[in-house]
Amino acid sequence: MTATVISGKEVADDIRAALREEVNGLKQHGILPGLAVILIGDDPASHSYVKGKIKGCEETGIYSEVVYKEAAITEGELLDLIEAFNENPNIHGILVQLPLPAHISEKAVIDKIRADKDVDGFTPVNVGNMLIGNDCYLPCTPHGIIELIKRSGQEISGKHAVVIGRSNIVGKPVAMLLLQENATVTIAHSRTQDLASVTKQADILVVAVGRAEMIGAEYIKPGAIVIDVGVNRAASGKLVGDVQFESVKEAAGYITPVPRGVGPMTITMLLKNTVEAAKRLAGLPQQ
Ligand code: GUN
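This section reports on the structure supplied with the text. (Residues numbered from 1 in each chain as written. Predicted model: local features only at pLDDT ≥ 70, side-chain atom pairs only at ≥ 80, totals over all residues. Heavy atoms only, no water.)

**Remarks on empty space enclosed by the protein**
Here comes step 1: Within the structure shown, the criterion is met by one cavity of 30 Å³ or more.
Here comes step 2: Of the voids in this model, the largest cavity is the one considered here, and its volume is about 50 Å³.
Here comes step 3: As for the largest cavity, its lining consists of Ile94, Leu95, Val96, Leu98, Val109, Ile110, Ile113, Asp118, Asp120 and Phe122.
Here comes step 4: Elements that contribute at least two residues to the lining of the largest cavity include exactly strand 4 (93-96) and helix 4 (106-112).
Here comes step 5: Of the residues assigned to the lining of the largest cavity, the class counts are eight nonpolar, no polar and two charged. (1 Å grid on protein atoms, 1.4 Å probe; cavity = no way out; pocket = protein on both sides within 12 Å on 5 of 7 lines; lining within 4 Å. Points joined across faces, edges and corners; volume = space filled by probe spheres on them. Helix = DSSP H or I, 4+ residues; strand = E, 2+ residues; numbered from the N terminus. Nonpolar A, V, L, I, M, F, W, Y, C, P; charged D, E, K, R; others polar.)

**Let's talk about the layout of surface pockets**
Here comes step 1: Its boundaries defined by the atoms lining it, the second largest pocket holds a volume of some 370 Å³.
Here comes step 2: Along its surface, the second largest pocket is lined by 19 residues, and Ile110, Phe122, Val127, Asn168 and Ile169 are the ones closest to its centre.
Here comes step 3: Elements with a minimum of two residues in the lining of the second largest pocket: helix 4, helix 5 (124-131) and helix 7 (171-180).
Here comes step 4: The residue makeup of the lining of the second largest pocket, split by class, is eleven nonpolar, four polar and four charged.

Geometric values such as these leave the question of function open.
Shown next as structure tokens:
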């Protein structure tokens, strides 16, 4: 069997086209959705992600402001910057690119972002609301993954979903969203014993481990939906996922590529949250 490749880029383009129309409509009502992005330090991957986010804003007509600061910025200075965006009426969404330098507390920074401008869905209020199924800003990568699975035309309800990885950004929240979609969910991680025996039960396998091409065909149940969240630079310089694409494609039923898989969906869900935030803050009904 050769898997159907789920193009995150194509799905993302569709959603962005709809968002562009929605933003045009909002502009007619005097509402211009605005996103503030704060990037600390010179990590090349973070710079590349932020570039993609700003380009996404430009494509959809969303106003964006980016603040670049050197890694030597103090925690207090960063918190003041966030506070200014919390109070800025032109800004509806605030994103602080992670990871942060070691001397800055990630918790203090996330806690500082107003929950109703938290378009990353990282604040405890949003995470709690997501957990109990309340309306909230969903975290972008997990939300993008759910949309990709749905757009593949495959049912989530009743399936066994295995998530490898337990980060706050991807593993834990995607497991919760899959549960909300009525999947039976297993979370595997670096201490899981006999990983392949667990993943071979997966109808849906989400891989978010951050290790280049760790998952080969021997981990896959034939016909499974395989979602690869990894973005790694191989020794050759090529971008690769956490999954061995060529061999796993021969075992899986559906597979996301790297690049042009989950990545474009993460950015698109951020744009969607920013538009929702603008509507919410203007008192308009949400989707
Ligand atoms: N670093 C890696 N992924 C993300 C993300 O989705 N949001 C933020 N703010 N930082 C990240």
